[in-house]
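For reference, the chains in residue letters:
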Amino acid sequence: MLVTTAGESHGKGLICIVEDVPAGVALAQDDFDTQLARRQAGYGRGGRMAIERDSVQVMSGIRHGVSTGSPIALFIPNRDFANHAAVMDAFGDPDVTSFEPLSKPRPNHADLPGALKLGITDCRDVIERSSARGTAARVAASVVARALLEQLGVHVGSQVESIGGMEGDDASPQVRERIDAAAAAGESLGGIIRVQATGLLPGLGEFADRSQALDSLIAAAMLSIPGIKGVEFGDGFALAAMEGSRAADAITAQGRSSNHMGGIEGGMSTGEPIVLRIVMKPIPSLRTPVATIDLESGEPAQAQRIRADVCAVPAAAVVAEAELALVLASAYQRQFGHASLADLQANVAAYATRLSPHWRRD
Ligand code: EPS
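**Some details on the overall build of the protein chain**
So, step 1. In terms of regular secondary structure, the protein chain is built from ten helices and 17 strands.
So, step 2. Taken over C-alpha atoms, the radius of gyration comes to 22 Å for the protein chain, in line with the 21 Å a tight globule of 362 residues would show.
So, step 3. Considered along the principal axes of its C-alpha atoms, the protein chain spans approximately 70 × 50 × 40 Å.
So, step 4. Each of the 362 residues in the protein chain was classed as buried or not, and the buried ones make up 46%.
So, step 5. Sequence-distant contacts, at least 24 apart, represent 72% of the contacts inside the protein chain between residues at least 6 apart.

The structure is reproduced here in C-alpha cells:
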C-alpha cells in the first residue's frame, strides 16, 4: 500500500492517493469520518478544530462500499480555506494581495531550515505544507489499511501515557488542569504515547534485507509524524540496564513468557503484540516570546506568533495508529499478495496452518 499526499494547511483541502490496494476490502464513509473525528479530538486543541469538521470525499477506487483494486483517491476539504482564499490563491497577483511576510521563523519548527532550503525569506510556503494538518490525509489513507488488517484479525490501538510529564491521558482532571495552565501561560505541552498491534502472525518483515526490517519501517513511519522525537520498542531504553537473561523472551509451546522486545525480533514480527512508545515534543508555536532573527532584515526579533494547539498528543496517538496500520498492511501484502483480499486471506490461512506445529494464534 503506497500513500501519496498533497495539500496545504489553509489551501482548498488535502488530497491523498492510496495505491496498491487489494480488491475486495469493505469500506464505509463512516470508517473514514470516524477516524478523522478521533484525530480532531483531544483536550488542548486550538481554535482551528472548531472550524474544521473533517470528512472525506471518495473520488475513485471504491464502488458500492468495496475497494476495486484501483488507486483510491480521497479529498478532505479545508473549511478554513474560506478565511485564507486570497493568501492561498494559486494565481493571485502577489503585488495586489500583499500579505505580511512570515519572516521571523519559529525555532523547532520547519520554518528556518525550510526557508533556507528554498531560498525564501517569507516562511509561509514551508509552514503551510509542514503543518500537522497534513496528518488528516495520512489518517484517511490508513483507514484502508485498517480495514484490510481487521479482515486478517489484526487490531491497532494506542493510549496516551503522559502529557507534560504528568501521568494519564487528557481525560484526567489533573492533566486537563496542566493543559489549561499551559494555555494560560502561552505555553505548549508534549507527551508520551503507547501504540500497539495485536493478532499478528510471526515472520512479517525481513531479516535478510534490513531495509525491510519491520522495526525500522515502523520507527521511520513514527518519526515522519510532526513533533515525534523518539521511538522505543518493548522495554526500549530500559534494556540498556538489563542483563541478557532478564531481557530474554523465553520460548514455550504456548508462546513467549514475556515481550521485552515489543513483538519484533531480527526485524520480524514474533506473533506477540507489537508494542512501542513514542515521545512528542511540546508544540513550538508559542505565545511566549522566543528569540529568532527576521530573515528580511537579519536583525534579532521575536518568533512569529501563529495560532496553534496547546497540546496535540491525543491527536498524535491517532496518527501513530494510522502510521502503524499502513506499515503492517504493507508487510502483509509483501508476504501474502497484493491483488485480491480473498487471495491474501487464503495465503495467510495456509501460512498459519504451516506454522501450527510451532505456533498458533490464541
Ligand atoms: C498547525 C497549526 C494549527 C493546528 C494544525 C497544525 O492550525 P492553524 O494554524 O490553522 O491554527 O490546528 O492542525 C490542524 C489544522 C489539524 O487538522 O490537525 C501547525 O502549524 O502544524
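**A few points about the side chain of Arg124**
So, step 1. Tracing the sequence through the fold places Arg124 in helix α4 (residues 124–130).
So, step 2. With no salt bridge to any partner, buried Arg124 finds its closest opposite charge in Asp122, at an N-O distance of 4.6 Å.
So, step 3. The contact partners of Arg124, leaving out residues within four places of it in the chain, are Val87, Phe99, Glu100 and Leu102.

**What to know about the site of the ligand**
So, step 1. Near the ligand you find His10, Arg39, Arg45, Arg48, Met49, Ser131, Ala132, Arg133, Arg307 and Asp309, and these make up its full shell.
So, step 2. Between the ligand and the protein, one listed contact pairs an oxygen atom with a side-chain N or O atom of Arg39 at 2.6 Å.
So, step 3. One of the side-chain N or O atoms of Arg307 is found 2.5 Å from an oxygen atom in the ligand.
So, step 4. Split into classes, the residues belonging to the shell around the ligand amount to two nonpolar, two polar and six charged.

**What to know about helix α5 (residues 135–151)**
So, step 1. An ideal rise of 1.5 Å per residue puts 24 Å on 17 residues; α5 measures up with 24 Å between its terminal C-alpha atoms.
So, step 2. Of all the bends found along α5, the most pronounced is centred on Val143 and spans about 25°.
So, step 3. Most of α5 sits inside the fold, with 14 of its 17 residues counted as buried.
So, step 4. Following α5 by one or two positions, Gly153 adopts a phi angle in the positive range, close to 80°.

**Regarding the pattern of salt bridges**
So, step 1. All chains considered together, the criterion is met by 15 salt bridges.
So, step 2. With a closest N to O distance of 3.5 Å, Arg48 and Asp80 form a salt bridge. Linking Arg48 in helix α2 (residues 48–51) with Asp80 in the loop between β6 (72–77) and α3 (111–118), this pair joins segments that are 32 residues apart in sequence. In this structure, Arg48 and Asp80 share a single accessibility class: buried.
So, step 3. Across the pair Asp111 and Arg106 runs a salt bridge, and its minimum N-O distance is 2.8 Å. Just as Asp111 is buried, Arg106 falls in that class too.

**Section: helix α9 (residues 313–336)**
So, step 1. Here α9 contains 24 residues, and its C-alpha end-to-end distance of 34 Å stays within 8% of the 34 Å for a straight helix at 1.5 Å per residue.
So, step 2. For α9, the tally of buried residues reaches 21 of 24 residues, placing the bulk of the element in the interior.
So, step 3. Of the residues one or two after α9, Gly337 is the one with positive phi, at around 125°.

**Considering the packing of aromatic side chains**
Aromatic rings considered in pairs are described by the distance between their centres and by the relative angle of their planes.
So, step 1. Under the criterion given, the structure shown has two aromatic pairs.
So, step 2. Considering the side-chain rings of Tyr332 and Phe336, the 5.9 Å spacing of their centres and the 35° angle between planes classify their relative orientation as tilted. Note that Tyr332 and Phe336 are positioned in helix α9 at a spacing of four residues, about one turn of the helix. Each of the two residues, Tyr332 as well as Phe336, counts as buried.

Thresholds, definitions, all that
Residues numbered from 1 in each chain as written. Predicted model: local features only at pLDDT ≥ 70, side-chain atom pairs only at ≥ 80, totals over all residues. Heavy atoms only, no water. Helix = DSSP H or I, 4+ residues; strand = E, 2+ residues; numbered from the N terminus. Rg over C-alpha atoms; globule rule 2.2 N^0.38 Å. Buried < 20%, exposed > 50% of the residue type's maximum accessible area, 1.4 Å probe, protein only. Contact = heavy atoms within 4.5 Å. Lys, Arg positive; Asp, Glu negative; His and termini not counted. Salt bridge = Lys/Arg side-chain N within 4 Å of Asp/Glu carboxyl O. Near = heavy atom within 4 Å. Polar contact = N/O pair within 3.5 Å; in protein donor to acceptor, adjacent residues only side chain to side chain. Nonpolar A, V, L, I, M, F, W, Y, C, P; charged D, E, K, R; others polar. Expected span 1.5 Å × (residues − 1). Bend = angle between axes of the 7 residues up to and from the residue. Phe/Tyr/Trp six-rings, centres within 6.5 Å; stacked < 30°, edge-to-face > 60°.

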